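Chain and residue survey
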Amino acid sequence: MVINLTPRKKHIKVATSSKERPIDVALDQLREPTPQPLKNHRFIISRNIAERGEKEKVNTEKLAEIINNLGGIVFSGDVEKAADASLIIITSQKEINKATQKLNKTLVMAYRLGWKIISKKLILEARNTNTLPSTSHYELDLTSIRNAPASNVVHAKVFTKSSMINNHQVVGGHRELKKKLRESSKRKNSEKEMPQKSLSKKPCTAYVMFSKQMWKSIIKENPHFTMHEVNSVVSEMWKQVGNEDRSAYRQKALENYERRLEHYNSADRQP
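These numbers were taken from a predicted model, which means no experiment stands behind them. (Residues numbered from 1 in each chain as written. Predicted model: local features only at pLDDT ≥ 70, side-chain atom pairs only at ≥ 80, totals over all residues. Heavy atoms only, no water.)

Scanning the protein for helices and strands turns up 9 helices and 7 strands. Burial statistics for the protein: of 271 residues in total, 30% are counted as buried. Across the protein, the fraction of contacts at a sequence separation of at least 24, relative to all contacts at a separation of at least 6, is 62%. Total accessible area on the protein stands at roughly 19,700 Å², and carbon and sulfur atoms take up 50% of it. (Helix = DSSP H or I, 4+ residues; strand = E, 2+ residues; numbered from the N terminus. Buried < 20%, exposed > 50% of the residue type's maximum accessible area, 1.4 Å probe, protein only. Contact = heavy atoms within 4.5 Å. Areas by Shrake-Rupley, 256 points an atom, 1.4 Å probe, with all protein chains shown as cover.)

Here you go:
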């Protein structure tokens, strides 16, 4: 700002820079600049901010206006995109005490990132005193969130761009929680015994037994054959098998089934 005194009494010429044309302003019209105790602080107003027994009722719009007048900034973008920032969340104890699965994304992210979560009383005190009070006196009780189950998303670590810079990658905030849940699930599954395959109700046919016996030899002699070609060869060979041999394959299939049935019934299986 450039200020030049003028010959006329009680007037000065004022310009915001040396390149701008100054304007003539009467001294009695000059006022001290409005104090800005919230300068360089960014806030998010989250949901219902009403508190019990409050003397002055201030809604979200009025609170945002007060913050702006005191030099602060009200952030209204996607909170996940501001993970590397430092924001102060304004809400009410009633919102904090909700079941964790009902908390909105802003409060969940704020808790996981360690942001201050305060009452609107801090803003009103800053307006009344033209100073920034200590946030510790206006922090809300987060006991209900801290007592949430360890598997709850509010306890998942957030990987931000700055915290992952050494690894040259950015990881989503829920990744660690998902990884832990997957590992826990794998451990539980590995501790369980694999269920045994159920036994068929009747033995296979003579043709199936014959096919199993012929399949390997055909593949060995003709490794380039497709499955369809192998099945065609087996079918042609079966046509040449006599009734006596077919009965032998049928008996072999029955004996094989009886052995499997005896083993199945004698095995220790969990219910």
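Tallied over the entire structure, the rule returns 6 salt bridges. Between Lys 120 and Glu 54 there is a salt bridge, with its nearest N and O atoms 2.9 Å apart. Of the two residues, Lys 120 sits in the loop between strand S7 (116-118) and helix H4 (121-129) while Glu 54 sits in the loop between strand S4 (42-45) and helix H1 (60-69), which places them 66 residues apart along the sequence. Between Lys 239 and Glu 236 there is a salt bridge whose closest N-O contact spans 3.5 Å. With Lys 239 and Glu 236 both in helix H8 (residues 227-239), this residue pair falls 3 residues apart, about one helical turn. (Salt bridge = Lys/Arg side-chain N within 4 Å of Asp/Glu carboxyl O.)

In the predicted model, the protein carries a mean pLDDT of 79, and 74% of its residues have values of at least 70. Below a pLDDT of 50 lies the segment residues 164-173, which in the model reaches 11 contacts outside its immediate sequence neighbourhood of four places, other chains included. (pLDDT = per-residue confidence, 0-100.)

All right, on to the pairing of S4 then. Pairing of S4 with strand S5 (residues 73-74) involves 2 bridges; the strand directions are parallel. Across the sheet, Arg 42 pairs through a bridge with Ile 73, a residue of S5. Pairing between S4 and strand S6 (residues 88-90): 3 bridges, direction parallel. Each residue of the ladder has a partner; that of Ile 45, found in S6, is Ile 90. (Pairing = 2+ DSSP bridges.)

The next subject is the environment of Leu 38. By secondary structure assignment, the location of Leu 38 is in the loop between strand S3 (23-26) and S4. The buried category is assigned to Leu 38, whose relative accessible area is 0%. In this structure, Leu 38 is in contact with Phe 43, Ile 67, Leu 70, Gly 71, Gly 72, Ile 123, Ala 126 and Leu 132, ignoring residues within four places of it in sequence.

The strand order S5-S4-S6-S7 describes an open sheet built from 4 strands, whose pairing is parallel. In the strand order of this sheet, the two ends are held by S5 and S7, each with one partner. With 3 bridges connecting them, S6 and S7 associate as parallel partners. Bridging from a neighbouring strand, Ile 88 pairs with Lys 116 of S7.

The next thing to look at is the packing of aromatic side chains. Inspection of every chain in the model, using the stated rule, returns 4 aromatic pairs. Between Phe 210 and Tyr 249, the aromatic rings sit 5.3 Å apart at their centres with planes inclined by 85°, giving edge-to-face as the arrangement. Remark: Tyr 249 occurs in helix H9 (residues 243-266) and Phe 210 occurs in helix H7 (residues 206-221); sequence separation between them is 39 residues. (Phe/Tyr/Trp six-rings, centres within 6.5 Å; stacked < 30°, edge-to-face > 60°.)

Right, let's get into unusual backbone geometry. With phi around 70°, Asn 40 is a residue other than glycine that occupies positive phi space. The topology assignment puts Asn 40 in the loop between S3 and S4. By relative accessible area, which is 73% here, Asn 40 ends up exposed. One non-glycine residue, Asn 130, lies in positive phi territory at about 60°. Along the chain, Asn 130 turns up in the loop between H4 and helix H5 (143-146). Judged by its relative accessible area of 41%, Asn 130 falls in the partly exposed class.

This next bit is on the side chain of Glu 95. Among the secondary structure elements, Glu 95 is positioned in helix H2 (residues 93-96). Using a relative accessible area of 6% as the deciding quantity, one classes Glu 95 as buried. For Glu 95, the side chain forms a polar contact with the side chain of Lys 98, separated by 3.3 Å. In this structure Glu 95 touches Arg 47, Asn 48, Leu 103, Asn 104 and Leu 107, once residues within four positions along its chain are discounted. (Polar contact = N/O pair within 3.5 Å; in protein donor to acceptor, adjacent residues only side chain to side chain.)

To continue, consider H4. Given 3.6 residues per helical turn, the α-helix brings residues three or four places apart onto the same face. Buried residues of H4: Leu 122, Ile 123, Leu 124 and Ala 126, and no others. Of the residues flanking the end of H4, it is Asn 130, one or two places downstream, whose phi is positive at about 60°.

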